[in-house]
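A structural walkthrough
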Amino acid sequence: MTISKHIQEILTPDQVIELLKKGNERFVNDNLRNIKTHHVLEATKGGQNPMASVLACMDSRLPIERIFDKTIGELFSFRTPGNVVSEDTIGGMEYGAVVAGTKLIVVMGHTGCGAVSASISGTVLGNLTSALNKIKPAVNSAAEGFDIATLENVEYVNTVIDANAVNQIEIIRKESKILRELEQKGEVKIVAAMYDIATGIVSFR
């Protein structure tokens, strides 16, 4: 069953992280909750009490709610190429925190990220190019620590993926006074995570 307003209000950001971790553990162990759709629809028809906003890549292998074993009304989900932020996604996160009461923002990269690989390769592809350019700072900074900074070096690619998630968080903090102040007060936490497409495991950074 989806969370109530009372439960949402008393949850701390760290407790929300633990709920996401436990949900991911159920996902990995193929032990997802058996939630009846009509029960959740009834519970949420008058409003929503999501616990977190999650920004992930548009990759079809990242079904956010399923990965965390969450149902209707429990998460705000944002999907963009390479989990890059924009004015619109930041605005949605601000709405989530200020109006809907979310306690956590997660920027989640994933292994095997095509957008990151494309950015490393210098791909130019229509409107996608703008998103790939937003990943470039992570491509460049990660390269400083490797003798071989190519797609063949999986460790390097994963380092770029991690660095990109952290960079996107810094953009959120820079561009949103609202979220920055909520984080400083301890009312909201903004964290990075990595999803392993081979195992289903989410690692929080």
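Residues numbered from 1 in each chain as written. Predicted model: local features only at pLDDT ≥ 70, side-chain atom pairs only at ≥ 80, totals over all residues. Heavy atoms only, no water.

**Here's the deal with the pairing of strand 1 (residues 52-57)**
Buried residues dominate strand 1, accounting for six of its six residues. Here strand 1 pairs with strand 2 (residues 75-80) via six bridges, running parallel. The partner of alanine 52 across the bridge, within strand 2, is leucine 75. Judged from the five bridges that link them, strand 1 and strand 3 (residues 104-110) form a sheet pairing that is parallel. By the bridge assignment for strand 3, alanine 52 is matched with leucine 104. (Buried < 20%, exposed > 50% of the residue type's maximum accessible area, 1.4 Å probe, protein only. Helix = DSSP H or I, 4+ residues; strand = E, 2+ residues; numbered from the N terminus. Pairing = 2+ DSSP bridges.)

**Some details on helix 7 (residues 128-143)**
Its 16 residues give helix 7 an end-to-end C-alpha distance of 22 Å, which sits within 8% of 22 Å, the value for a rise of 1.5 Å per residue. Maximum bend of helix 7: about 35°, positioned at isoleucine 135, with proline proline 137 one to four residues after it. Looking at helix 7, one finds that the buried residues are Thr129, Ala131, Leu132, Ile135, Ala138, Val139 and Ala142. Considering only its buried residues, helix 7 is in contact with helix 6 (114-121) and helix 8 (154-175). (Expected span 1.5 Å × (residues − 1). Bend = angle between axes of the 7 residues up to and from the residue. Contact = heavy atoms within 4.5 Å.)

**Overview of the nonpolar core**
Residues Leu20, Phe68, Val106, Met108, Val160 and Phe204 are the most contacted members of the largest nonpolar core, which totals 42 residues. At six residues, helix 7 tops the list of elements feeding residues into this core. Counting residues in hydrophobic clusters, the runner-up holds 18 residues, among them Ala100, Ile105, Ala165 and Leu182. (Core = buried A, V, L, I, M, F, W, Y, C linked by side-chain atoms within 4.5 Å.)

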